[in-house]
Amino acid sequence: MSLMRSLLLAASQNVWLRDHASHYWFVKSTVSRFMPGETLEDALTAAQNLRVKNIGAVFTHLGENIKDREEARQVTEHYLEVLDRVRQSGLQAEISVKLTQLGLDLSVELCFENLRAIIGRAQKDSIVWVDMEASNYVEMTLDLYRRALGEYPNVGICLQAYLYRSKEDVTKLLPLRPSIRLVKGAYNEPREIAFPMKKDVDENYFELAKLMLQAKKENRCARAAFGTHDVALIRRLSDFAAEEKLAKPDLEVQMLYGIQRAEQERLANEGCTSIVLVAYGSYWYPWFVRRLAERPANLWFMVRNVFAA
């Protein structure tokens, strides 16, 4: 792991920085590149604009590690409102939730009941995605995902390619015909449980992606989605999907709002499934700094904002 990535991941967990950095104009200016605004209205408008380009949207309301039952209830109610607004607007948009937003740190059962309420409200032809958080939450998250999938087919899980365990997790999930979104990983994990070198993460990602695409071809994976902005990796995935004779829409790539926009449009124009994760909310600092850590070059974009004023 590069020194810059390590420093950024440490900064994402720093309470003082979280409380102070978000007030600086140049930080806010940079954040606006990666999220359309802090409100649901901002997110809905962004999704409408993406739809014109045949690009789908997944909404995520930023926040994590809630330790108050009333706050967890409010988050759940917010997502229920999001789903209602999506239905009313006719958008083919989905949502992605963190289980610690729904009260996982308080009670597994409380969290599961909140998750069930959200999945039950979603349209049956859309997925409620469950985000994966730091490694200490992986087992609990997978347990709750399997429980939810036993009741509802329209729920998906995020897996992280930098964890050694992820290949086994994919293999164990496939008999359940899951929906899986594969990402590289954005938490500061020890080398005992995660690949420390980027090249190894990239290669593991490709190997896991091949498993998922083969399972998709064999109807053992309901959705195989790839969360990456790595254009070279996307080309490799596209070539492999073509070799396996998968239909173009079966290659689903999910990117963050504002990153690799030309690639998002290229994929959509070629008939692939192009999805944009639209994040919004006031609790954006930890999420934003983890995005910088995923691609430290974005840090220089923020620096340029300072000198461009």
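Conventions we followed
- Residues numbered from 1 in each chain as written.
- Predicted model: local features only at pLDDT ≥ 70, side-chain atom pairs only at ≥ 80, totals over all residues.
- Heavy atoms only, no water.
- Helix = DSSP H or I, 4+ residues; strand = E, 2+ residues; numbered from the N terminus.
- Buried < 20%, exposed > 50% of the residue type's maximum accessible area, 1.4 Å probe, protein only.
- Areas by Shrake-Rupley, 256 points an atom, 1.4 Å probe, with all protein chains shown as cover.
- Arc of directions from axis to C-beta.
- Contact = heavy atoms within 4.5 Å.
- pLDDT = per-residue confidence, 0-100.
- 1 Å grid on protein atoms, 1.4 Å probe; cavity = no way out; pocket = protein on both sides within 12 Å on 5 of 7 lines; lining within 4 Å.
- Points joined across faces, edges and corners; volume = space filled by probe spheres on them.
- Nonpolar A, V, L, I, M, F, W, Y, C, P; charged D, E, K, R; others polar.
- Salt bridge = Lys/Arg side-chain N within 4 Å of Asp/Glu carboxyl O.
- Axes fitted to C-alpha atoms, helices over the stretch in contact; angles between N-to-C directions.
- Parallel < 35°, antiparallel > 145°, perpendicular 65-115°, else oblique.
- Left-handed = near helix turned anticlockwise from the far one by under 90°.

### Comments concerning the overall build of the protein
When its secondary structure is counted, the protein shows 13 helices and eight strands. For the protein, the residues scored as buried account for 55% of the 309 residues in total. On the protein, roughly 13900 Å² of surface is accessible, and the fraction owed to carbon and sulfur atoms is 53%.

### With respect to helix α8 (residues 166-173)
Given 3.6 residues per helical turn, the α-helix brings residues three or four places apart onto the same face. Within α8, burial applies to Ser166, Asp169, Val170 and Leu173. Down the axis, α8 shows its buried residues gathered within 100° of arc, on one side only. Structural note: α8 exposes Lys167 and Lys172 on the side pointing more than 90 degrees away from its buried face. The inward-facing, buried residues of α8 contact α7 (138-151), β4 (155-160), β5 (179-183) and α9 (198-217).

### A short note on the confidence of the model for the protein
In this model, the protein carries a mean pLDDT of 88, and residues with pLDDT of at least 70 account for 82%. Predicted confidence is poor over residues 301-309, with pLDDT under 50, and the contacts of this stretch with residues over four places away or in other chains come to 14 contacts.

### Section: empty space enclosed by the protein
The tally for this structure, following the rule as stated, stands at two cavities of 30 Å³ or more. One number sums up the size of the second largest cavity: a volume of about 30 Å³. Lining the second largest cavity, in full, are Leu83, Val86, Arg87, Ala93, Arg121, Ala122, Gln123 and Ser126. Ranked by the residues each element gives to the lining of the second largest cavity, the list is headed by helix α5 (residues 69-89), at three residues. A breakdown of the residues in the lining of the second largest cavity according to their chemical character gives four nonpolar, two polar and two charged.

### Considerations on the pattern of salt bridges
Within this structure, the stated rule accounts for 30 salt bridges. Its salt-bridge partner being Glu203, residue Arg236 comes within 3.4 Å of it at the nearest N-O pair. With Arg236 in helix α10 (residues 231-243) and Glu203 in helix α9, this residue pair connects regions lying 33 residues apart in the sequence. Judged by relative accessible area, which is 36%, Glu203 ranks as partly exposed. When salt bridges that share partners are traced, they join Glu139, Asp143, Arg146, Arg165 and Asp169 into one network.

### Details of the packing of α10 against helix α11 (residues 261-269)
The contact between α10 and α11 brings their axes to 12 Å, and the two run at 15°. With respect to each other, α10 and α11 are oriented roughly parallel. Crossing geometry of α10 relative to α11 is assigned as right-handed. Within the contact between the two elements, α10 uses Val231, Ile234 and Arg235 and α11 uses Glu263, Arg266 and Leu267. Classifying every residue of the contact of α10 with α11 by side-chain character gives three nonpolar, no polar and three charged.

### Side note on the packing of α9 against α10
Running from amino to carboxyl end, α9 crosses α10 at an angle of 30°, the nearest separation of the two axes being 11 Å. Taken together, the axes of α9 and α10 lie roughly parallel to each other. For the pair α9 and α10, the sense of crossing is right-handed. Contacts between α9 and α10 involve Glu203, Tyr205, Phe206, Ala209, Lys210, Leu213 and Gln214 on the former and, on the latter, Leu233, Arg236, Leu237, Phe240 and Ala241. Looking at the contact of α9 with α10, its residues break down into eight nonpolar, one polar and three charged.

### Some words on the side chain of His78
Relative to the assigned elements, His78 resides in helix α5. Classification of His78 by relative accessible area gives buried; the value is 16%. Beyond its immediate chain neighbours, meaning those up to four positions away, His78 contacts Leu40, His61 and Tyr280.

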